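Chain by chain, the residues:
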Amino acid sequence: MSLKTTMKNLIPNSVWMQLQRAKAKHKLAGYSGTQDARFLKFSANPWNKPNQEELRGQIIYYIHRIEKGLTHQSDFRPGFGRNALQSLHNLLNQWRKAHYPTTDTTYKAALSVVMAYIEKHKQEHEPLPTFLSTLFPVEELERTQTGNTLAGVKTVTAKEKESNKDKSFKELFEGRTSIRQFAKEPVDPNTVAQAIELAMKTPSVCNRQSYRVTLVSNPDLIARILTVQGGWRGYAYPPMLAIITSDERSFIYMEEHNEPFVDGGIFTMSFLLSLEYENLAACPLNLMCSDSNAAAIRKLASIPDYEVLIACVSIGHFQDQTLVPKSFRYPGSSITRVIR
Ligand SMILES: Cc1cc2nc3c(=O)[nH]c(=O)nc-3n(C[C@H](O)[C@H](O)[C@H](O)COP(=O)(O)O)c2cc1C
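Residues numbered from 1 in each chain as written. Predicted model: local features only at pLDDT ≥ 70, side-chain atom pairs only at ≥ 80, totals over all residues. Heavy atoms only, no water.

1. Details of the overall build of the protein chain
When helices and strands are tallied, the protein chain shows 12 helices and 6 strands. On the principal axes, the C-alpha backbone points of the protein chain span a range of 85 × 50 × 45 Å. Put simply, the protein chain has 340 residues, and 41% of those count as buried. For the protein chain, long-range pairs separated by at least 24 residues make up 78% of all intrachain contacts whose partners lie at least 6 apart in sequence. Within the structure as shown, the protein chain displays about 19,800 Å² of accessible surface, and the carbon and sulfur contribution to it stands at 55%. (Helix = DSSP H or I, 4+ residues; strand = E, 2+ residues; numbered from the N terminus. Buried < 20%, exposed > 50% of the residue type's maximum accessible area, 1.4 Å probe, protein only. Contact = heavy atoms within 4.5 Å. Areas by Shrake-Rupley, 256 points an atom, 1.4 Å probe, with all protein chains shown as cover.)

In structure tokens, the structure reads:
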């Protein structure tokens, strides 16, 4: 008999369980420590020396913020985005100072979003805010960047979505876009139920299917949850909100501690595609909140403590026409590494 088995037989079961728990806790602390250290060492934070990838991530963040501001039509705010444009200006300066190529897609997309900003003001017959010319050479951009349409907004129509169920997978996937402005009509819970049914085809570790969906259609509750979530500013609230969670009770080994997020994330993508197939407009929304905000969302949506928060998905019907961020993509080859 092994020493472990002998000890197990000698020690009362409740004590043995506490020892096992302490061992698991120690292991988890080690794993989390390694993860935290990697994040602290490499994330795009001021204590780390800036490099091209960090700058790239931050530039895209600001491009996206400006693109979102450009999606507003009747509620467009001329001269918006001073802080985002100032940050973009600073980041582009750092980029040039580090001699990174100005032919790079990220750099070009940044100039493109500034062009889109200028164009939008022209379309709306609004003067450009004076701060813009202190940050960017407006005339030079107008001369050199008019053909640069990487960033900005595009139009999505309800008409193009009518045939979603007949589209090939490629067409459906390529056509999906995050929608943040919805038609007034309510969402039929049965249609969402069909989307969930289809999304159940999501693969999961050992087929455990730990993901859960909480559907909220009470407008007051949606407003309160999205106020805490914080990533839905400037848009009317959606008619329905799904909260995706993963049930920790599906998992056993300490090495699985991140798996709820992986399975929940894959499910979220399937759900988005399934909603698109059902001709419903949607936008994934992060749930990377502070502990106190997470607790508030849990309370508002009655999420049990044994589930981890993955993401929200706002759901509604397509408006006849909606402006959405272009959200350009890099080519697959730029993120692929082949080891031979
Ligand atoms: C996990 C996750 C969290 C997101 N959180 C937000 C959010 O809080 N607010 C928002 O407006 N968009 C959010 N988005 C949407 C992204 O901005 C969008 O997916 C990205 O720009 C790509 O555009 P696309 O979805 O139209 O292809 C999120 C997307 C993901 C996948």
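2. Structural notes on the packing of helix α3 (residues 52-70) against helix α4 (residues 82-97)
Viewed as axis vectors pointing N to C, α3 and α4 meet at an angle of 155°, and their least axial separation amounts to 9 Å. By the angle class used here, α3 and α4 are roughly antiparallel. Of the two possible hands of crossing, α3 and α4 adopt the one that is left-handed. Facing α3, whose interface residues are Q52, L55, R56, Q58, I59, Y62, I63, R65 and I66, α4 presents N83, A84, L85, S87, L88, L91, L92, Q94 and W95. Tallied by class, the residues present in the contact of α3 with α4 amount to 11 nonpolar, 5 polar and 2 charged. (Axes fitted to C-alpha atoms, helices over the stretch in contact; angles between N-to-C directions. Parallel < 35°, antiparallel > 145°, perpendicular 65-115°, else oblique. Left-handed = near helix turned anticlockwise from the far one by under 90°. Nonpolar A, V, L, I, M, F, W, Y, C, P; charged D, E, K, R; others polar.)

3. What to know about the sheet that holds strand β3 (residues 240-247)
The strand order across the open sheet formed by 4 strands is β2-β3-β5-β4, and the pairing between neighbours is antiparallel. Each end of this open sheet is capped by a strand with a single partner; those strands are β2 (211-216) and β4 (281-286). Across the sheet, the mean angle separating the axes of adjacent strands is 25° when strand polarity is ignored. When β3 meets strand β5 (residues 307-316), the two strands line up antiparallel, connected through 8 bridges. In the strand pairing of β5, I244 is matched with A311. Packed on one face of the sheet, helix α10 (residues 219-229) meets β2, β3 and β4 and runs near 60° to β3. Docked against the sheet, helix α11 (residues 259-277) engages β2, β3, β4 and β5, running at close to 10° with respect to β5. (Pairing = 2+ DSSP bridges.)

4. Examining unusual backbone geometry
Phi at S302 takes a positive value of approximately 50°, unusual for a residue other than glycine. Relative to the helices and strands, S302 resides in the loop between α12 (291-301) and β5. Here S302 falls in the exposed class, since its relative accessible area comes to 61%.

5. Remarks on the packing of aromatic side chains
One pass over the full model with this rule turns up 11 aromatic pairs. Ring centres 6.1 Å apart and planes at 15° place the aromatic pair F267 and F271 in the stacked group. Pair noted here: F267 and F271 are both in helix α11, with a separation of 4 residues, about one helical turn. Ring geometry for F328 against Y330: centres 5.2 Å apart, planes inclined by 90°, an arrangement best described as edge-to-face. Residue F328 is classed as buried on the basis of its relative accessible area, which comes to 15%. Note on Y330: relative accessible area 28%, which makes it partly exposed. Feature note: the residues F76, F80 and Y117 constitute an aromatic cluster, connected by ring pairs. The ring of Y306 carries R249 above its face, with NZ or CZ at 3.4 Å from the centroid. (Phe/Tyr/Trp six-rings, centres within 6.5 Å; stacked < 30°, edge-to-face > 60°. Lys NZ or Arg CZ within 6 Å of the ring centre and 35° of its normal.)

6. Brief notes about the environment of E54
Along the chain, E54 turns up in helix α3. The sequence separation of E54 and P239 amounts to 185 residues, and the corresponding C-alpha distance is 36 Å.

In short, the description is geometric, and any link to function would need to be established separately.
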